[in-house]
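What follows is each chain in one-letter form.
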Amino acid sequence: MKSEQALDVVMRRHVFASDRPFDQVLAGIFSGISQPDIAQLFSKLEASDTYQQFSSLVEQAQGSAGLMRFWQLNEENALTLDPEAPDWTGRRLVRLIAGNPVTMGQMTRHVADAGSYAPVTILIEETPDDGTRVAYDSVVSALAPYDNAAASTVAKRLDAEVLGLLREATGVPAR
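To start, this report covers the structure provided alongside it. (Residues numbered from 1 in each chain as written. Predicted model: local features only at pLDDT ≥ 70, side-chain atom pairs only at ≥ 80, totals over all residues. Heavy atoms only, no water.)

Section: the overall build of the chain
Along the backbone of the chain there are seven helices and six strands. In the chain, the order of α-helices and β-strands from amino to carboxyl end is β-α-β-α-α-β-α-β-α-β-β-α-α. Projected onto the principal axes, the alpha-carbon positions of the chain cover approximately 50 × 40 × 35 Å. Going through the 175 residues of the chain one by one, you find that 41% of them count as buried. Considering only residue pairs separated by 6 or more positions, the chain has 72% of its internal contacts joining residues 24 or more positions apart. (Helix = DSSP H or I, 4+ residues; strand = E, 2+ residues; numbered from the N terminus. Buried < 20%, exposed > 50% of the residue type's maximum accessible area, 1.4 Å probe, protein only. Contact = heavy atoms within 4.5 Å.)

Structure follows, in structure tokens:
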């Protein structure tokens, strides 16, 4: 049977405005997100014979916030070359895609669509006033339409780890 379904997913975006310099905020974020050789790590994970071995490899590779960098996109290159965006010259915009394969598995076993929201994205923007703006979309808000308590529990823990790291990196206190 073929079908198409459209779900409205309301995202909660957390935005942190900091007077800290871009490099300081980025370094603060990387203090909790490891930067392993992801191809080498994933090769080892694929060769794992047991879940215990798999989760042990992930634990060894993760940063203090339980995350590792999967990919980093330096998006300012396209903006600084765009003649219609002259105000971007010299500013940076980085999109970090970070996650944890064990955490992703814990969510997707309950809600397969959770794989669309994990790994997470953190957007770091150098603002014109030499400050930094960081944006993060809450995973628990993305999973809300699925109404699955087990997946939401994992997502809440993930959000708490990421938000704690971003607050520390930006110097923005918890509300």
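Following the structure, the description resumes.
Thoughts on the nonpolar core
In terms of nonpolar packing, the biggest core is built from 42 residues, with Ile29, Met107, Ile122, Ile124 and Tyr136 touching the most fellow members. Considering every element that reaches this core, the biggest residue donor is helix α7 (residues 149-170), with nine residues. Every residue in contact with Tyr136, bar those within four places of it in the chain, is listed here: Arg12, Arg13, His14, Val120, Thr121, Ile122, Leu158, Asp159, Val162, Leu163 and Leu166. (Core = buried A, V, L, I, M, F, W, Y, C linked by side-chain atoms within 4.5 Å.)

Structural notes on the sheet that holds strand β1 (residues 13-18)
Strand order in the open sheet formed by six strands is β1-β6-β5-β4-β3-β2, and the pairing between neighbours is mixed. Looking at the sheet topology across the chains shown, the edges are occupied by β1 and β2 (33-34). Direction of pairing for β2 relative to strand β3 (residues 67-74): parallel, over a ladder of two bridges. Each bridged residue has a counterpart across the sheet, and for Ser34 the counterpart in β3 is Met68. Running over the sheet, helix α1 (residues 22-30) touches β1, β2, β3, β4 (93-99), β5 (120-126) and β6 (132-137) and is turned about 160 degrees from β5. (Pairing = 2+ DSSP bridges. Axes fitted to C-alpha atoms, helices over the stretch in contact; angles between N-to-C directions.)

Details of helix α5 (residues 101-108)
Most of α5 sits out of view: six of its eight residues are buried. Among all positions of α5, only Pro101, Val102, Thr103, Met104, Gln106 and Met107 are buried. Along its buried surface, α5 packs onto α2 (38-46), α3 (51-61), β3, β4, α6 (139-143) and α7. Capping of α5 at its N-terminal end is provided by Asn100; its side-chain oxygen lies 2.8 Å from the backbone amide nitrogen of Val102. (Polar contact = N/O pair within 3.5 Å; in protein donor to acceptor, adjacent residues only side chain to side chain.)

Quick look at unusual backbone geometry
Residue Ala118 is joined to Pro119 through a cis peptide bond whose omega torsion reads 15 degrees. Locating Pro119 in the fold gives a position in the loop between α5 and β5. Here the phi dihedral of Asp130 falls at roughly 70 degrees; this positive angle occurs in a residue that is not glycine. Its place among the elements puts Asp130 in the loop between β5 and β6. Phi angles above zero are rare outside glycine, and Asp147 is one such case at about 50 degrees. Topologically, Asp147 is positioned in the loop between α6 and α7. Among the residues examined, Asp147 registers a relative accessible area of 71% and is labelled exposed.

Let's talk about the side chain of Ser18
Tracing the sequence through the fold places Ser18 in strand β1. For Ser18, the side chain forms a polar contact with the main-chain oxygen of Thr170, separated by 2.7 Å. In this view, Ser18 contacts Val25, Gly131, Thr132 and Thr170; residues no more than four positions away in its chain are not counted.

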